[in-house]
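Residue-level structural notes
So the chains spell out like this:
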Amino acid sequence: MPSADVEDIRKELAAHGQEHLLKFWPRLTNDQKRQLAADILSIDFNDLNTAYKDTKSNKENNQKLDMFMEPIPEELHEGVTRCSPQQLQEYQNIGLREIAEGRVAALLLAGGQGTRLGVNYPKGMYDVGLPSRKTLYQLQGERLLKLQELAEKLTGKKGTIPWYIMTSEHTMEPTLEFFDKHDYFGLQKDDLVVFEQYMLPCLTLEGKIILETPYKVSKAPDGNGGLFRALRLRGILEDMSKRGIKYVHVYCVDNILVKMADPVFIGYCISKNANCAAKVVEKVVPTEAVGVVCRVGGKFQVVEYSEISSSTAQKRNPDGRLTFNAGNICNHFFTLDFLHQIGCGDKKLKYHIAEKKIPYVADDGKTIKPMKPNGIKLEKFVFDVFEFSDKFAAWEVKREAEFSPLKNADTAQKDTPTTARLSLYALHRQYIRDAGGRFAEEQGDDFVSVDLKVPVNGEEKKDVAEEKSAVGVCEISPLVSYAGDGLEELVAGKIFKGKVVINSPREQMPVSDNGKIDN
């Protein structure tokens, strides 16, 4: 690199107090110099400095939110338990018709790696240990296939649900390779659009940019709120417009019970003429570590549990329910028009600070992995766009039916592969009960074999001890049922025992990543 160019970079860094980024310059190879220079030139220092200062200020101001908080107005806060079966069916039909017309897309936020799970690959590729050995990606892909089938059955029109997946720099390639390896789980390749979010430099607690190695700036994804910038700059909004998309369902990868492009949610939002909406679950314990959707100063937003005082968190209505009970689960609806409005940059989202253990380069040029938080990552949150909506709505769902996040390894107390797996088993057992089936161990009856047209319980005969240990295991393929629908003819009047697995006739035995058949 010409010395004149280096001097220009040095002056720019000095103007922003970041001269230390060139401290190893004399000992770098030419390739390393080019890499470091490219990293530095990609940084918008004015934006970075402003973001750092604003987050410090926001953190102080957030302590004063309590006096401005108001619950969501009842007319904008309906839910599954507050609607009649007829109303729910009407919402569902509205959503299915839009799907059949090709106007609904699903958008997955999948930038996180499985670090807390103890794996080094994207969370969507994780296998929680179901009998089918299906990963989160496969479960979600098959739910989309079934939903398209339901929409066609209602309308006679065959619409598709494009699936957009926002990855990070670290999860992009593994995700693409995984879907290609598994033939997109039956989806059309053209209907899967994978794009990458942007990265931001990591900072010390004093606002200095961290070097990960002598020639590499430490960077991290800009948070799920970076979605809106990526939608515009990666050409995703343009792609959606060309496909005729009008409504977008946005959700996080780690919820094993998620209903992508949920037609009931879509139909409700359309009925309310909402351009922005959130699915919520009822928060019943004041100390639960979950943000709440509410109004602050007349604008909708999510207030993090750490920003709410104990007295405000414990407030209750006359019926005994918490006043601020709309728990956020990162499950949202947006119209494409609203996304265009946000993506054009006329509305700026605020940044948040996350204190993290960030590897850094020591004076001797070696990278150190700290034992405690030593720096910050700047992030934007997807729900911070709520305040820009003039047509907001919330839809409350049952936690046990739609929310079981996967965040930690099984050594943790909650949000683990085991809790996710058991949540799915419990939900699928309830689907069978609702469809008229029963379970022998719950009835006190002797075990009775059942004869279905699809594989159930795997082998015909099993060891008694094995059967007893399998009690409670229940998995229904998404290709059989999206959300408990269509099960009556399979299970009504039948008594189930032991491990129950209901697959579609067209499903093959699950194949593991090493290509061998899992028995």
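Residues numbered from 1 in each chain as written. Predicted model: local features only at pLDDT ≥ 70, side-chain atom pairs only at ≥ 80, totals over all residues. Heavy atoms only, no water.

Given a rise of 1.5 Å per residue, 18 residues ought to cover 26 Å, and the 26 Å separating the end C-alpha atoms of helix α13 (residues 417–434) matches this to within 8%. Within the span of α13, buried status applies to Pro-417, Ala-420, Arg-421, Leu-424, Tyr-425, Leu-427, His-428, Arg-429, Tyr-431 and Ile-432. Positive backbone phi, approximately 100°, marks Gly-436, located one or two places after α13. (Helix = DSSP H or I, 4+ residues; strand = E, 2+ residues; numbered from the N terminus. Expected span 1.5 Å × (residues − 1). Buried < 20%, exposed > 50% of the residue type's maximum accessible area, 1.4 Å probe, protein only.)

Structurally, Lys-380 is set in the loop between β19 (375–379) and β20 (392–397). Buried within the structure, Lys-380 lacks any salt-bridge partner; its nearest side chain of opposite charge belongs to Asp-47, at an N-O separation of 6.2 Å. Lys-380 has contacts with Asp-222, Gly-223, Asn-224, Gly-225, Gly-226, Leu-349, Lys-350 and Tyr-351, leaving out every residue within four places of it along the chain. (Lys, Arg positive; Asp, Glu negative; His and termini not counted. Salt bridge = Lys/Arg side-chain N within 4 Å of Asp/Glu carboxyl O. Contact = heavy atoms within 4.5 Å.)

Moving on to the nonpolar core. In this structure, Tyr-137, Trp-163 and Ile-165 are the most contacted members of the largest nonpolar core, which totals 48 residues. Ranked by residue count, the leading element in this core is helix α5 (residues 136–155), at six residues. Those residues in contact with Tyr-137 that sit more than four places away from it in its chain are Leu-108, Ala-110, Pro-122, Gly-124, Met-125, Trp-163, Ile-165, Thr-175, Phe-178, Phe-179, Phe-185 and Val-253. Core analysis: the next-biggest nonpolar cluster, separate from the first, contains 42 residues, Leu-107, Leu-109, Val-248 and Val-385 among them. (Core = buried A, V, L, I, M, F, W, Y, C linked by side-chain atoms within 4.5 Å.)

Here we take up a negative patch on the surface. Residues Glu-173, Glu-177, Asp-180 and Asp-183 make up a contiguous surface patch of negative charge. Structurally, the position occupied by Glu-177 is in helix α6 (residues 172–181). On the accessibility criterion, Glu-177 (52% relative accessible area) is exposed. (Patch = residues over 30% accessible without salt bridge, like charges linked within 9 Å, V, L, I, M, F, W, Y side chains within 5 Å. Areas by Shrake-Rupley, 256 points an atom, 1.4 Å probe, with all protein chains shown as cover. Charge placed at Lys NZ, Arg CZ, Asp CG, Glu CD.)

On the secondary structure map, Ile-99 appears in helix α4 (residues 85–100). Put simply, Ile-99 and Pro-263 are 164 residues apart on the chain and 7.9 Å apart in space, counted from C-alpha to C-alpha. Residues within four places of Ile-99 in sequence aside, it is in contact with Val-104, Leu-147, Ala-151, Gly-159, Thr-160, Ile-161, Ala-261 and Pro-263.

Using the criterion set out here, one finds 17 aromatic pairs in the structure. Look at Phe-386 and Phe-392: their rings are 4.9 Å apart centre to centre, the planes differ by 50°, and that puts the pair in the tilted class. For Phe-386, a relative accessible area of 0% translates into the label buried. Judged by relative accessible area, Phe-392 falls into the buried class, the value being 4%. Here Phe-439 and Phe-496 contribute two aromatic rings whose centre-to-centre distance is 6.0 Å and whose plane-to-plane angle is 40°, an arrangement assigned as tilted. (Phe/Tyr/Trp six-rings, centres within 6.5 Å; stacked < 30°, edge-to-face > 60°.)

Here we take up the sheet that holds β19. Read across the open sheet, the three strands follow the order β7-β19-β16; overall the sheet is antiparallel. If you trace the sheet from one side to the other, it starts and ends with β7 (203–204) and β16 (352–356), each paired once. Both β7 and β19 contribute to a ladder of two bridges, which runs antiparallel. Its bridge partner lying in β19, Thr-204 is registered against Gly-375. (Pairing = 2+ DSSP bridges.)

Where α4 meets α5, the closest approach of the two axes is 8 Å, and the angle between their N-to-C directions is 100°. When the axis of α4 is compared with that of α5, the two are roughly perpendicular. Contacts between α4 and α5 involve Asn-93, Leu-96, Arg-97, Ile-99 and Ala-100 on the former and, on the latter, Leu-147, Leu-150, Ala-151, Leu-154 and Thr-155. The residue makeup of the contact of α4 with α5, split by class, is seven nonpolar, two polar and one charged. (Axes fitted to C-alpha atoms, helices over the stretch in contact; angles between N-to-C directions. Parallel < 35°, antiparallel > 145°, perpendicular 65-115°, else oblique. Nonpolar A, V, L, I, M, F, W, Y, C, P; charged D, E, K, R; others polar.)

Moving on, we get to the confidence of the model for the chain. Chain-level pLDDT for the chain is 88 on average; 89% of the residues reach the 70-or-more range. In the model, residues 445–471 has pLDDT below 50 throughout and makes 44 contacts with residues more than four positions away in sequence or in other chains. Counted against residues more than four places away or in other chains, residues 509–519, with its pLDDT under 50, gives 18 contacts. (pLDDT = per-residue confidence, 0-100.)

Another point: helix α8 (residues 236–243). Structural remark: α-helix, 3.6 residues per turn; residues separated by three or four positions point the same way. Buried within α8 we find Ile-236, Leu-237 and Met-240. Buried residues in α8, looked at end-on, bunch into an arc of 100°, giving them a common side. Contacts made by the buried residues of α8 are with β3 (104–109), β4 (163–167), β5 (192–196), α7 (227–233), β11 (247–252) and α11 (336–343). In the stretch just after α8, Gly-244 is the one whose phi turns positive, near 85°. (Arc of directions from axis to C-beta.)

Most of strand β15 (residues 326–335) is tucked away, with 10 of its 10 residues classed as buried. Here β15 shows no split at all, with Ala-326, Asn-328, Cys-330, His-332 and Phe-334 on one side and Gly-327, Ile-329, Asn-331, Phe-333 and Thr-335 on the other all buried. Strand direction decides the pairing type here: β11 and β15, joined by five bridges, are antiparallel. Paired with Val-250 across the strands is His-332, a residue of β15. As defined by bridge partners, strand β12 (residues 276–282) adjoins β15 across six bridges and the pair is classed as antiparallel.

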